[in-house]
Amino acid sequence: MSSEKFREWAKNEISKSGPLRLSDAITAALIHPDFGYYHLKEIIGSEGDFITAPEVSQMFGELVGAFLAYIWVQSDRPANSLLCEFGPGRGTLSADINSALAQISPQFSRSPLHLIETSTSLREIQETSLRRQTVFWHDDFKKIPNQPLFAVANEFFDALGVNQAIFDGENWRHRLLDFDMHFELVTGPILNKAELKAFNAFSLKNQDKGTIIEYSPKTVQISAEIALHIKQFGGAFLIVDYGKTNQIGDTIQAVSNHKPAEPWSNAGNADISHWVDFECIKRTVENAGARFIGPISQSKFFTQIGIKQRAQMLANSESPEINRALFAAVDRLISPTHMGNLFQVGLIIPVGEGLPPGFQTE
Ligand code: SAH
């Protein structure tokens, strides 16, 4: 069992150097080569633990493809463009993007596809679902060629792990994972100046004792790398994720078999995620000299780029069942009671004016 291996790993780490930073514990639980959750086979889909938007309907990927094609045209159709997906799961989103691009913009659709993926078993699944394309896999962003990059990430940043701090009435202190008979969260040392800055704690006034804040070091590192790349070589990066717009709150959650689970005792066997702080990504991108647009709700984004019209086009009057399934999928993706408001969409592009479709605020 992966959760037992995680427990042994964590106990060993804690005995060597004390209670763990939560982001380190989450990263090990998800991607450690010996027991990381993403190395298990069936995790995404109705047979797995959770379903993601591209798995709900092909319309998600097709509309993202149409959106990227629009930005590509606005960027003067760079001939050496790259397509890229971060954390492609089963490869469904990239496959649907490609089938839309093949219709809308065949030249763009032939761009090489770069995938950022650490899981070997998911790479195998992606190899099958994307067999018609030229694909390159990477563990991280560092080896992406210096060319215009049109990238997307759905439910990737929420898997990068997050650290927490808790206010004791006077100071912010680290919140860490310890083990004594069972896992427990403990209050650790006071945050130093650099850590307070990383958590953006100086912006907070009059907090109640016990308030928890979050900061994801990997999110900042990766969004800075992407922003620098896009500033220098052009392109665009579309981010879709569970979102919030500040650092406040304990948002760590785990899911197993489509149900909430306790994160630490199930680590290795459950998906552990957190809500992405889009304001933090925006600050990071702007500091790196690129532009961040949004976040806007998934509901508003997909409504603006025409999900209802797309469903109407696909609806086949001969088959009421298919039609019902299509409109149920639209509802699932954009209704506030499902994914519509929990999920947010943001865009990184080079500095400039104007708002692309999807991000209009009126
Ligand atoms: N985007 C897909 C899958 C989301 S699950 C979908 O919408 O269906 C998260 C994905 O990110 C998986 O493919 C997982 O293996 C990958 N992943 C998680 N942490 C990662 C990391 N640190 N580096 C690279 N890939 C990671």
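See above for the structure.
A few points on the structure. (Residues numbered from 1 in each chain as written. Predicted model: local features only at pLDDT ≥ 70, side-chain atom pairs only at ≥ 80, totals over all residues. Heavy atoms only, no water.)

A few points about the overall build of the chain
- Scanning the chain for helices and strands turns up 13 helices and 16 strands.
- Counting every position in the chain, which comprises 362 residues, the buried fraction comes to 54%.
- Counting only contacts in the chain whose residues sit at least 6 apart along the sequence, the fraction spanning at least 24 positions is 74%.
- Surface exposure of the chain reaches about 16600 Å², of which carbon and sulfur atoms provide 50%.
- Side-chain charges of the chain comprise 32 positive and 41 negative groups, with the mean position of each set lying 4 Å from the other. (Helix = DSSP H or I, 4+ residues; strand = E, 2+ residues; numbered from the N terminus. Buried < 20%, exposed > 50% of the residue type's maximum accessible area, 1.4 Å probe, protein only. Contact = heavy atoms within 4.5 Å. Areas by Shrake-Rupley, 256 points an atom, 1.4 Å probe, with all protein chains shown as cover. Lys, Arg positive; Asp, Glu negative; His and termini not counted. Charge placed at Lys NZ, Arg CZ, Asp CG, Glu CD.)

Remarks on helix α9 (residues 217-233)
- Taking 1.5 Å as the rise per residue, α9 with 17 residues should run 24 Å; its terminal C-alpha atoms sit 24 Å apart, in good agreement.
- Taken together, the buried residues of α9 touch β2 (82-86), β5 (149-154), β10 (235-244), α10 (278-287) and β16 (343-349).
- Looking one or two residues beyond α9, the residue adopting positive phi is G234, at roughly 85°. (Expected span 1.5 Å × (residues − 1).)

Some points on the site of the ligand
- In the vicinity of the ligand, 20 residues are found, and the nearest of them are T52, G87, G89, E117 and N154.
- Within the backbone of G89, an N or O atom sits 3.0 Å from an oxygen atom of the ligand.
- A distance of 2.7 Å separates a nitrogen atom of the ligand from a polar atom in the backbone of N154. (Near = heavy atom within 4 Å. Polar contact = N/O pair within 3.5 Å; in protein donor to acceptor, adjacent residues only side chain to side chain.)

Quick word on the pairing of β10
- Of all the 10 residues making up β10, 10 are buried; the element is thus mostly covered by neighbouring parts of the structure.
- One ladder, built from six bridges, connects β5 with β10; its direction is parallel. Note that in β10 the partner of N154 across the bridge is V240.
- Inspection of the sheet shows β10 paired to β16 by six bridges, in the antiparallel sense. Considered in β16, the bridge of I239 is made with G346.
- When β10 meets strand β14 (residues 276-277), the two strands line up parallel, connected through two bridges. In the strand pairing of β14, K244 is matched with D277. (Pairing = 2+ DSSP bridges.)

Notes on the pattern of salt bridges
- Scanning the model with the defined rule gives 10 salt bridges in all.
- The partner of E8 in a salt bridge is K11, with the nearest N and O atoms 4.0 Å apart. Taken as a pair, E8 and K11 lie in helix α1 (residues 2-17) at a separation of three residues, close to a single helical turn.
- Judged by relative accessible area, E8 falls into the partly exposed class, the value being 43%.
- Residue classification places K11 among the partly exposed residues on the basis of a relative accessible area of 35%.
- The partner of D250 in a salt bridge is R175, and the shortest N-O contact between them spans 3.6 Å. A residue pair is termed long-range when its members are at least 10 positions apart, and D250 in the loop between β10 and β11 (253-256) and R175 in strand β7 (residues 172-180) qualify at 75 residues.
- Given the relative accessible area of 16%, R175 is considered buried. (Salt bridge = Lys/Arg side-chain N within 4 Å of Asp/Glu carboxyl O.)

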